[in-house]
Amino acid sequence: MRRIGVMTYCHCQNYGAELQAYALQETLRRIGWQSEIIQFERTPITRQQKCYKVARAIFTRIRRRPFHGWGDVMKIMLQPVMRRLNHPSREALVGNKLRSSRFEEFWATYENHTEKIDAVNLSDLNYDVLIAGSDQIWNWLQTGDMSPYFLMFGSEECRKLSYAASLSESYIPRKYRDIYVSGLKNLDFVSVRESLTQAELQKLTSKPVEVVLDPTLLLTPSDWSEVWSDAIQIEEPYIFSYSLNESTMYAKKVATLASTFGMKVVDIRSSPWGTGRPEFINVFDAGPREFLYLLAHSKFVVTNSFHGTIFALNFHIPFLSLLNPVSGTNSRILSIVQELGVQDRAVFDDDPCAIRNALLNEIDFDRVEKRRAVLDERSRRFLNAALPSLERREV
């Protein structure tokens, strides 16, 4: 069996990161390739990158809401202080500890990976193929040293490609462009996850840049049912909520939806602080497998997460992608809902009119599946062309 080394974000207690890594490995396994996630010490982002992200968030919120924006900003800035004054409950702390252990179990059981390796020793690794992706590995605001994610190591005989790599940001600053130019030149085949990323990168290379599906959409609901765990069950009908940021705006809108639907909200928490709202059932202890089960068995999904949106689409759950307008990475969600013809389900959290309009019509999941099938075929065709030929089944 031929060997592939995968460079991606994972082992970071993020549901999407772990599940996309598993999905790509499982897809490769089914066509006869053994793959390992290369576990190396990532370079942290700089103070300048962190400050830019905060400043952009502040100015974007104020620009969108001139009269209320400063209040929104003050609430965000005071959150760390308020959390220090309100200690999390014992239940939340115990739940977070169990959550961490479930993530570690998933990493050990479902993701094949190397031992830890220093970035300087990456060239010592020996693979037939190297794959960069998926997820935001090429986001200049999220990644420190990007050279490992452009596979700037390995032998000359090694085939190098990206699969569903993501930039997510709407542009590449001039000072970073040389990194992308040299990185793209180093790859034999290039595929990305979003059309916006494709447009930006195609300016920097003469190689074709293809748009493919996130790996999680290459597996069916039946495939995922073999992975999920029913260790956490909610007996009553519920709305599933998963937010990558814990803004008061998001929580307020989700509470309104709970009242509209007459259901509780099962809120997947990544921190030991709950919402404090009576409509919410705070779940602190879900690992990746429990996340899948709870989402798949919900009646409605509200999220500002790319993979929250993806799994709602995959499991055919009615959903609303409630986007934070200050985020620079909304293109991830906007791209996939556009591709699958459900762009009205992605709305900004400060636009109540768009939220009401999004709930007026049911999602035509038959149409979604027809569009997904076209993208699925394109994605598998890319993998078949990019991977060296060997005696194997087609993807």
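Anything mentioned here points back to the structure above.
The structure displayed is predicted, hence computed values, not measured ones.

## Quick look at the overall build of the protein chain
Link 1 in the chain: If you tally the helices and strands in the protein chain, you get 13 helices and 12 strands.
Link 2 in the chain: Looking at the 395 residues of the protein chain, the share that counts as buried comes to 53%.
Link 3 in the chain: Across the protein chain, every contact between residues at least 6 apart in sequence was considered, and the portion connecting residues at least 24 apart equals 76%.
Link 4 in the chain: Just so you have it, the protein chain exposes about 18200 Å², and 52% of that area is on carbon and sulfur atoms.

## Focus: the sheet that holds strand β10 (residues 300-303)
Two modes of strand pairing occur in sheets, parallel and antiparallel, and in both the strands are linked by backbone hydrogen bonds.
Link 1 in the chain: Spatial ordering of the open sheet is given by β9-β8-β7-β10-β11-β12, a layout of six strands whose pairing is parallel. For this open sheet the edge positions go to β9 (280-283) and β12 (346-348), each flanked by a neighbour on one side alone. Sheet twist, expressed as the mean angle between neighbouring strand axes with direction ignored, is 25 degrees.
Link 2 in the chain: Relative to β12, strand β11 (residues 319-323) runs parallel, the two sharing three bridges. Each residue of the ladder has a partner; that of L322, found in β12, is V347.

## Regarding the pattern of salt bridges
Link 1 in the chain: Enumeration over the complete set of coordinates arrives at 15 salt bridges.
Link 2 in the chain: Where E26 meets R30, a salt bridge forms, and the shortest distance between an N and an O atom there is 3.0 Å. Of the two residues, E26 and R30 both sit in helix α1 (residues 15-30), four residues apart, roughly one turn of that helix.
Link 3 in the chain: With relative accessibility at 12%, the residue E26 sits in the buried group.

## Section: the packing of α1 against helix α4 (residues 90-110)
Link 1 in the chain: Closest axis-to-axis distance for the α1/α4 pair is 11 Å, and the angle between their directions is 15 degrees. Compared by their axis directions, α1 and α4 come out roughly parallel. As for how α1 packs across α4, the hand of that crossing is left-handed. In contact with Y15, E18, L19, Y22 and Q25 of α1, α4 contributes R99, F103, F106, W107 and Y110.
Link 2 in the chain: Within the contact of α1 with α4, the residues separate by chemical class into seven nonpolar, one polar and two charged.

## Some details on the nonpolar core
Generally speaking, a soluble globular protein has its nonpolar side chains buried in company with each other.
Link 1 in the chain: By size, the foremost hydrophobic cluster in this structure holds 61 residues, and its most contacted members are I131, Y163, W224, F240, I268, F291 and L387.
Link 2 in the chain: Apart from residues lying up to four places away in sequence, I268 is in contact with Y15, F240, S241, Y242, V283, A286, F291 and L294.
Link 3 in the chain: Counting residues in hydrophobic clusters, the runner-up holds 32 residues, among them I117, L141, F153 and V211.

## Digging into the environment of A164
Link 1 in the chain: Turning to its location among the elements, A164 is positioned in the loop between β4 (159-162) and α5 (177-186).
Link 2 in the chain: Take A164: its relative accessible area is 0%, and that puts it in the buried class.
Link 3 in the chain: The sequence separation of A164 and E210 amounts to 46 residues, and the corresponding C-alpha distance is 8.7 Å.

## Remarks on the state of the cysteines
Cysteine pairs can be linked by a disulfide, which is a covalent bond between their two sulfur atoms.
Link 1 in the chain: Across all of its chains, the model carries zero disulfides by this definition.
Link 2 in the chain: Residue C12 stays outside any disulfide, its sulfur separated by 6.8 Å from that of C10, the closest cysteine.
Link 3 in the chain: The class for C12 is partly exposed, based on a relative accessible area of 34%.

## Describing α1
Link 1 in the chain: For α1, which comprises 16 residues, the first-to-last C-alpha distance of 23 Å matches the rise-based estimate of 22 Å (1.5 Å per residue) to within 8%.
Link 2 in the chain: Taking burial as the measure, the 16 residues of α1 include 14 buried ones, the bulk of the element.
Link 3 in the chain: Looking one or two residues beyond α1, the residue adopting positive phi is G32, at roughly 95 degrees.

## A short note on the pairing of β10
Link 1 in the chain: Every second residue of β10 is oriented toward a common face, with F300 and V302 on one face and V301 and T303 on the other, all of them buried.
Link 2 in the chain: Strand direction decides the pairing type here: strand β7 (residues 238-242) and β10, joined by four bridges, are parallel. Its bridge partner lying in β10, I239 is registered against F300.
Link 3 in the chain: As defined by bridge partners, β10 adjoins β11 across three bridges and the pair is classed as parallel. The residue of β11 that forms the bridge with T303 is S321.
Link 4 in the chain: Read as a crossover between parallel neighbours, the route from β10 over helix α10 (residues 306-314) to β11 is right-handed.

Cut-offs used in this document
Residues numbered from 1 in each chain as written. Predicted model: local features only at pLDDT ≥ 70, side-chain atom pairs only at ≥ 80, totals over all residues. Heavy atoms only, no water. Helix = DSSP H or I, 4+ residues; strand = E, 2+ residues; numbered from the N terminus. Buried < 20%, exposed > 50% of the residue type's maximum accessible area, 1.4 Å probe, protein only. Contact = heavy atoms within 4.5 Å. Areas by Shrake-Rupley, 256 points an atom, 1.4 Å probe, with all protein chains shown as cover. Pairing = 2+ DSSP bridges. Axes fitted to C-alpha atoms, helices over the stretch in contact; angles between N-to-C directions. Salt bridge = Lys/Arg side-chain N within 4 Å of Asp/Glu carboxyl O. Parallel < 35°, antiparallel > 145°, perpendicular 65-115°, else oblique. Left-handed = near helix turned anticlockwise from the far one by under 90°. Nonpolar A, V, L, I, M, F, W, Y, C, P; charged D, E, K, R; others polar. Core = buried A, V, L, I, M, F, W, Y, C linked by side-chain atoms within 4.5 Å. Disulfide = S-S within 2.5 Å. Expected span 1.5 Å × (residues − 1). Right-handed = clockwise from strand over helix to strand, strands pointing away.

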